[in-house]
Amino acid sequence: FVAIKTVNLFLPGQNQEQLLQRFQREAKALSLLQDQGILQVYRFGFEEFPYLVCEYVEAESLRQKLERDGALPYAIAKTLLLKIASALDHAHKR
C-alpha cells in the first residue's frame, strides 16, 4: 500500500505559486532522506495537481493514542522522543 499526499492550490487567500514551490521543496527534501523514522517517498510530481507518493504506515496517530489512553508512561515517551530526535538529526544532517 501507498499513501498519496496532494495540495489544493485553489484555497482562498493563498498564493498558488508559493504553495506549489513549498510543496515541491518539501517533497524533494523528504525524498532524499533514508531513515527508519521517516516515511519513504517513492515519487512526487505534478500532473493536474501536485502529488507525493510515499509508504503507507497503518497506525493510530499520537493524538489518537493520547486521547484514548491519556499521558504516556515515562519509558514509552522517552523511547518515542529518542526515535523522533534521531529522525530529526538525520534530516538536519542532510
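Residues numbered from 1 in each chain as written. Predicted model: local features only at pLDDT ≥ 70, side-chain atom pairs only at ≥ 80, totals over all residues. Heavy atoms only, no water.

(A) Layout of unusual backbone geometry. The backbone phi angle of glutamate 48 is positive, close to 75 degrees, even though this residue is not glycine. Relative to the helices and strands, glutamate 48 is located in the loop between strand E2 (41–47) and strand E3 (49–55). Among the residues examined, glutamate 48 registers a relative accessible area of 79% and is labelled exposed. (Helix = DSSP H or I, 4+ residues; strand = E, 2+ residues; numbered from the N terminus. Buried < 20%, exposed > 50% of the residue type's maximum accessible area, 1.4 Å probe, protein only.)

(B) The layout of surface pockets, seen in detail. Put simply, the largest pocket is a space of about 530 Å³. Taken together, 16 residues form the lining of the largest pocket, with Gln36, Gly37, Ile38, Leu80 and Ile84 sitting closest to its centre. Here the lining of the largest pocket gets six residues from one element, more than from any other, and that element is helix H3 (residues 74–93). Here the lining of the largest pocket is built from residues that sort into nine nonpolar, three polar and four charged. (1 Å grid on protein atoms, 1.4 Å probe; cavity = no way out; pocket = protein on both sides within 12 Å on 5 of 7 lines; lining within 4 Å. Points joined across faces, edges and corners; volume = space filled by probe spheres on them. Nonpolar A, V, L, I, M, F, W, Y, C, P; charged D, E, K, R; others polar.)

So, to be careful, I would describe these as geometric facts and stop short of saying anything about function.
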